[in-house]
There are 2 protein chains.
Amino acid sequence: MNIVEIQDQLNQQGLDAYVVMHNNRFIGQDILPEEHKLKKLCGFYGSDGLLIITAGRSFLFVDGRYELQADQEVTNADVEIVHQVPNFLNACRFLAERNLHHVGYDAWCISVNQAENVRKKIKNLNLVDIGDLVGEEKPKNVQIFSREARFSGCTAHEKIADLAKWICQNDAQYFLLTSADSVSWLLNIYARDLTYTPVVRVYALVDMNGHCVLFGDHVQTDDLPLYDFRQMENMLAKLNNVRVLYDPEVTPVKMLGMFSEQVELCQAQDLCRMRKAEKNPVEIQGMISCHIRDGVALTKLLHWLEKNYKGKTEWDVVEKLHEFRAQQKDFFSESFASIVGSAADGAVVHYQPHEDSSRLLEENNLLLIDSGGQYLDGTTDVTRTIVLGQPSADMKRDFTRVLQAHIALARAKFPEGTAGIKLDTLAREKLWAHGLDYKHGTGHGVGCFGNVHEGPINISLNGSGYGFRENMVTSVEPGYYKKDFYGIRIENLVYTSKVEDTFDDDVNFLMFRCLTKVPLDKKLIDKYLLSAEEQAWLNEYHQSVYDCLTPYLNEVEKRWLKEACSPL
Amino acid sequence: MNIVEIQDQLNQQGLDAYVVMHNNRFIGQDILPEEHKLKKLCGFYGSDGLLIITAGRSFLFVDGRYELQADQEVTNADVEIVHQVPNFLNACRFLAERNLHHVGYDAWCISVNQAENVRKKIKNLNLVDIGDLVGEEKPKNVQIFSREARFSGCTAHEKIADLAKWICQNDAQYFLLTSADSVSWLLNIYARDLTYTPVVRVYALVDMNGHCVLFGDHVQTDDLPLYDFRQMENMLAKLNNVRVLYDPEVTPVKMLGMFSEQVELCQAQDLCRMRKAEKNPVEIQGMISCHIRDGVALTKLLHWLEKNYKGKTEWDVVEKLHEFRAQQKDFFSESFASIVGSAADGAVVHYQPHEDSSRLLEENNLLLIDSGGQYLDGTTDVTRTIVLGQPSADMKRDFTRVLQAHIALARAKFPEGTAGIKLDTLAREKLWAHGLDYKHGTGHGVGCFGNVHEGPINISLNGSGYGFRENMVTSVEPGYYKKDFYGIRIENLVYTSKVEDTFDDDVNFLMFRCLTKVPLDKKLIDKYLLSAEEQAWLNEYHQSVYDCLTPYLNEVEKRWLKEACSPL
């Protein structure tokens, strides 16, 4: 249905509004282009958003990253763009404030937590599950493949045994996994379904004895028991006198109604989510290794750009970068759509150039490149900001401040268990000191051949309270955005490692070790703003970049990198 | 009743355990010596704790501050000391883990939030309200007095009007205040009941028209409508078809049962709690002013100590400090029991010397003095660590690190609304960098002629998410404790103030302005560990201390202070 047809439907059912989420039943997961409901309804093609349809106007919620893009893409005058974080709670609050109390929604797309949150905070709202009115997603047959243990470091058998033990410890018989990346990690099964994330979009039901069945539509597998969602409903309805664990953060409200009253449903944090955040030694080695190959690709790009940027567009950079990445061993796909923003485009935090409309690169401008790759042994995500030609004094000062913010966090030592929300300030204060800030997180967890944004850890202003343990991977990516002029962001991936010889025997201290190996543009660094420690950090970093990458470069590239990595 | 009598009672009622909280029905408030239930039951006299009595053993919960003290004070071999944060949730978890499911408690002493938290997190626990078994508190007639508007800066009339408006905005008819310091602040009424906090322990019921009645036992007032708790029960039971707001964090579970079913009880954050955290201009001026007088008292003490410490005990310092404070204009009382810890005593975070047993001050040791005063115009809280004689290299290094942590936070600039949990790291990281830490918060909100620890803001590891606004007062007090040797803490009170000329027009930035004016011991500072900015901060601070205090000192003291405040 389109907006007008949905309005008609609302009218017939006596409802005031219908809320359309960006996601489908795999909450928190990427979607396919053909599943993009907001695109179908109003033309907006961003990777996050929410649409409220009422009898009169419709309202598209987008956050800071997509304000500009929404303005450009939404041409329907009856769709108003609302600058609010697009979550269900905000949508419901918006409706309640306007006395629109009878609200239709699709219970497949709302998690139990989201629904509970609304119920707690908003009174007098009558939420009615009327399913998906936008239209069924197209079936597409997805072939599952296994990832070898030399990459995963742990067999599915071992991981399931661990999970089964945890189910028993919780006095339960089953755990229902509804998070696609948890299922993929648990079973070492992957697919080429989504463009940037190699996960299989299926649910799994694991029992206390380690038996496991999968639920999903349009998925093919030879050796795992698999049922479609209709069969799932029947199977779940038959469970009796058992305790079933589920994670309310990723389980659709819809699921709760499928169980009989003889089932005790128990909320629990998805164990896989925790386990996969702590990388095993094989995964850490894989991350180190793929970051060197990724660094080679980036370095080749930076070298190429220096001589060849004139006459090229942002899109040309996207393509060239893909070309260099695709040459690397075990390359699988990009890990997200490359962000290449020159000049004012760089100030649009999640700007993505398109083939048919992208800016020409011009001299004496900044270029921000944020991109990543999926390799069979790991996932990368890196941002570099470079100057084409010569920088202005402002560019140098601002870049150096962002660099100081980056270094402050990258050098931090902290007790095991410290939550990311506490570390965020270490980077941000370097900008706060000058009355500056950036409107995005400072770091996000990263999967290993999984989601490039992976919970439960992150480093952000309103971050999760989940504490860092050893061998967790996060990005470190402070930035600064000067509207209409340029954007600066410096992003490395790092992993946590124990500090040897700490003073206090009770407490383990952690530090970050850097995975990303790509030179920083020294033309943009004002050496005299850096402390001796900051200079030392940068020189050591560049030395390690040079040491790691040089075996994989040709002579010309090597010479270029040597100069790029020479001490300040 | 004593422990044995209570065990008897448990037996008769078929209960497994009885939980005794430190607080009475004024949750979060100080208690009188004669109200100290834990002292009566087991001898423990700390200012926080919790006792679980079971048929066999009893269990005293104390946190890190009181572990040592509990060991000393509890002589009953049937009382086991448990090193856990003494809150109701931990007690209930402890009982559930031991299969003790039928638990008696006093519903006057548990807040709605505490009870809900337990209900959510612990299954199969049967909580039974059996009231106070320890014994009624002794009646004591407390006389209420008013605080003049020249100190409070705002009349009760104005504050109540604001509160009544808020009640209307919440579509309610009443707000039930159960927090003594909120009632005192709202009505500008105070008492000499508690030793260190001048609040009146009464509840208040305010209606949408700004009418207000008080509820309390053993309180006397001439001009405010006041009813005892028994009368309160009758009055509340008669309310009908109204919506009543209450703050679940400070409202006893007991209260909820007093209302008829025709009353809609609505949870809300106590508006007074928020309002009083943002000091008005008269209060800020009062805080500035009383801190100068408090600084004079402290400076006189430090000067006196230098020449006279030999042969004196920690208790002598407590008394001398009181003598100097009591000489100051508008002095009312200490704001808490002075902590004076020399040598190893300093490493006990909340060590308090007693008249009959306190350590002799010895040469070449550190002395930690943490104390504060209530003045009619404000409340102070300050910690200084000094060396008697000459410091060791370790002392200097550790003191300087704590100083760096202090300065890092004191100099911070941050956007309005930043929560204290985010600022905590700025201080702590200076110690983390060396594998060190301290097991207490970095800062707490402070009242103005109110609680020396006042919510909702604080700066701590697991702090409140409440954001800083302009004119809020907090302590800044990192420390370091070397067990069996010495303790170091440097505490100033500061208030938030707008940074002029910030870059981003959307966001106000805040900075801290220092209230406390007391010199830091330069003998303990290793200048060469400090950056140029840190040295500049210290020199400027000392200059302002000298400028503020010198008019109130005699010639000898002036000379001493000039030297103490001379540049590094």
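The structure presented is a predicted model; accordingly, all values stated were derived computationally and were not measured.

This paragraph deals with the overall build of chain A. Helix and strand counts for chain A stand at 17 helices and 29 strands. Its C-alpha atoms give chain A a radius of gyration of 24 Å, within 12% of the compact-globule value 24 Å for 568 residues. Taken along its principal axes, the extent of the C-alpha atoms in chain A is 70 × 55 × 45 Å. Taking contacts inside chain A between residues at least 6 apart in sequence as the whole, the part at least 24 apart equals 67%.

Attention now goes to the nonpolar core. One recurring pattern in soluble globular proteins is that nonpolar side chains are buried together. Core analysis: the largest hydrophobic core is formed by 168 residues, its most contacted members being Leu409 of chain A together with Leu409 and Tyr495 of chain B. If near-sequence neighbours (up to four positions away) are discounted, Leu409 of chain A is found in contact with Leu423, Leu426, Ala427, Thr442 and Val476 of chain A.

Before going further, it helps to spend a moment on the relation of the copies chain B and chain A. Of the two same-sequence chains, chain B is brought onto chain A (RMSD 0.0 Å, axial shift 0.0 Å) by a rotation of 180°. Put plainly, the chains are arranged around a two-fold axis. Rotation axis and chain B: the residue whose C-alpha lies nearest the axis is Lys422 of chain B, separated from it by 2.5 Å. A symmetric contact is evident, with 100% of the interface residues of chain B recurring at the interface of chain A.

It is worth spelling out the interface of chain B and chain A at this point. Contact residues are listed per partner, giving 23 residues for chain B and 23 residues for chain A. Taken together, the elements giving at least two residues each to the side of chain B that touches chain A come down to β22 (413–415) and α15 (420–432) of chain B. Among the elements that take part in the side of chain B that touches chain A, α15 of chain B stands out by supplying 8 residues, more than any other. Considered class by class, the residues forming the side of chain B that touches chain A number 13 nonpolar, 4 polar and 6 charged.

The next subject is the sheet that holds strand β5 (residues 102–105) of chain A. Working definition: the strands of a sheet are paired by backbone hydrogen bonds and lie parallel or antiparallel to each other. Residues and elements named next belong to chain A. Pairing in this open sheet of 6 strands is mixed, and the strands run β4-β3-β2-β1-β5-β6 from one edge to the other. A single partner strand is all that each edge strand has here, and the edge strands are β4 (79–83) and β6 (126–129). Averaged over neighbouring strand pairs, the angle between their axes works out to 25° when direction is ignored. As paired strands, β5 and β6 are joined by 4 bridges and run parallel to one another. Note on β6: the bridge partner recorded for Tyr105 is Asp129.

Our focus in this paragraph is the sheet that holds strand β21 (residues 382–388) of chain A. Residues and elements named next belong to chain A. Taken together, 3 strands build an open sheet; the order of strands is β17-β18-β21 and the sheet is antiparallel. The strands lining the two open edges of the sheet, one partner per strand, are β17 (339–342) and β21. Within the sheet, the average angular offset between the axes of one strand and its neighbour, ignoring direction, is 10°. Helix α13 (residues 314–326) contacts β17 and β18 (365–371) of the sheet and is inclined by roughly 145° relative to β17.

So, on to the packing of helix α4 (residues 88–97) of chain B against helix α5 (residues 112–121) of chain B. Residue and element names in this part refer to chain B. One way to put it is that α4 packs onto α5 with a least axis distance of 9 Å and a crossing angle of 35°. For α4 against α5, the interelement crossing comes out right-handed. Residue-level contacts link Phe88, Leu89 and Cys92 of α4 to Gln114, Asn117, Val118 and Lys121 of α5. In terms of residue class, the contact of α4 with α5 is made up of 4 nonpolar, 2 polar and 1 charged.

This paragraph deals with the environment of Glu97 of chain B. For Glu97 of chain B, the location among the structural elements is in helix α4. C-alpha of Glu97 of chain B to C-alpha of Ile122 of chain B: the two residues are 25 residues apart in sequence and 9.8 Å apart in space.

This brings us to the domain arrangement of chain A. Residues and elements named next belong to chain A. Once the domains are mapped, chain A shows domain 1 (3–129), domain 2 (142–276) and domain 3 (278–564). Facing the 16 residues of domain 2 at the interface are 21 residues of domain 3. Every element with two or more residues in the side of domain 2 that touches domain 3 is listed here: α8 (180–187) and α11 (271–277). Looking at which element gives the most residues to the side of domain 2 that touches domain 3, the answer is α11, with 4 residues.

Residues Gly455 of chain A and Pro456 of chain A are joined by a peptide bond in cis, for which omega reads 0°. Within the secondary structure, Pro456 of chain A sits in the loop between β23 (443–444) and β24 (458–459). Backbone geometry at Ala343 of chain A places phi at a positive 45°, although glycine is not the residue there. Within the fold, Ala343 of chain A resides in the loop between β17 and β18. Residues other than glycine seldom take positive phi values, yet Asp171 of chain B does so here, at roughly 55°. Mapped onto the fold, Asp171 of chain B is located in the loop between α7 (156–169) and β8 (174–177). According to the C-beta neighbour criterion, Asp171 of chain B is exposed, with 12 such atoms within 10 Å.

On a regular strand, one side chain projects to one face of the sheet and the next to the other, so that they alternate. Residues and elements named next belong to chain B. Buried residues dominate strand β21 (residues 382–388), accounting for 5 of its 7 residues. As judged from the 7 bridges shared by strand β18 (residues 365–371) and β21, these two strands associate in the antiparallel manner. Across the sheet, Ile369 pairs through a bridge with Arg384, a residue of β21.

A word on the environment of Leu214 of chain A. Residue and element names in this part refer to chain A. Positionally, Leu214 belongs in strand β11 (residues 212–215). Take Leu214: there are 21 C-beta atoms within 10 Å of it, and that puts it in the buried class. Sequence spacing of Leu214 and Asp228 is 14 residues, and the spatial spacing of their C-alpha atoms is 8.4 Å. Apart from the residues lying within four places of it in its own chain, the contact partners of Leu214 are Val202, Ala204, Leu224, Pro225 and Leu226.

Our focus in this paragraph is the environment of Asn451 of chain B. Residue and element names in this part refer to chain B. As for its placement among the helices and strands, Asn451 is situated in the loop between β23 (443–444) and β24 (458–459). C-beta crowding within 10 Å serves as the criterion here: with 27 such atoms nearby, Asn451 is assigned to the buried category. Expressed as a C-alpha distance, the spacing of Asn451 and Thr197, which sit 254 residues apart in the sequence, is 5.8 Å. Among residues more than four places away in sequence, those in contact with Asn451 are Asp181 and Thr197.

Side chains that are three or four residues apart share a direction in an α-helix, a result of its 3.6 residues per turn. Residue and element names in this part refer to chain B. Among all positions of α4, only Phe88, Ala91, Cys92 and Leu95 are buried. In a view along the axis of α4, the buried residues occupy a sector of 95°, so they form one face of it. Those residues of α4 that are buried are in contact with β1 (17–21), β2 (50–54), β3 (58–62), β5 (102–105) and α5.

Residue and element names in this part refer to chain B. Between its first and last C-alpha atoms helix α16 (residues 532–549) spans 26 Å; for 18 residues at 1.5 Å apiece the expected length is 26 Å, and the two agree. By the burial criterion, the buried members of α16 are Glu534, Trp537, Leu538, Tyr541, His542, Val545 and Leu549. Seen from one end, α16 has its buried residues packed into an arc of 125°, which puts them on one side. Facing away from the buried side of α16, by more than 90 degrees, are the exposed residues Ala532, Glu533, Glu540 and Asp547. On its buried face, α16 is in contact with α12 (281–308), α14 (393–410), β29 (509–514) and α17 (555–564).

So, on to the confidence of the model for chain A. For chain A, the mean per-residue pLDDT works out to 95, and 99% of the residues sit at or above 70. Interface predicted TM-score (ipTM) for the complex: 0.85; the corresponding pTM is 0.90.

About the criteria used
- Residues numbered from 1 in each chain as written.
- Chains lettered and ligands numbered in written order.
- Predicted model: local features only at pLDDT ≥ 70, side-chain atom pairs only at ≥ 80, totals over all residues.
- Helix = DSSP H or I, 4+ residues; strand = E, 2+ residues; numbered from the N terminus.
- Rg over C-alpha atoms; globule rule 2.2 N^0.38 Å.
- Contact = placed C-beta atoms within 7 Å.
- Core = buried A, V, L, I, M, F, W, Y, C linked by C-beta atoms within 7 Å.
- Buried ≥ 20, exposed ≤ 12 C-beta atoms within 10 Å, placed from the backbone.
- Least-squares fit on C-alpha atoms with pLDDT ≥ 70 in both.
- Nonpolar A, V, L, I, M, F, W, Y, C, P; charged D, E, K, R; others polar.
- Pairing = 2+ DSSP bridges.
- Axes fitted to C-alpha atoms, helices over the stretch in contact; angles between N-to-C directions.
- Left-handed = near helix turned anticlockwise from the far one by under 90°.
- Domains from an automatic or database assignment.
- Arc of directions from axis to C-beta.
- Expected span 1.5 Å × (residues − 1).
- pLDDT = per-residue confidence, 0-100.

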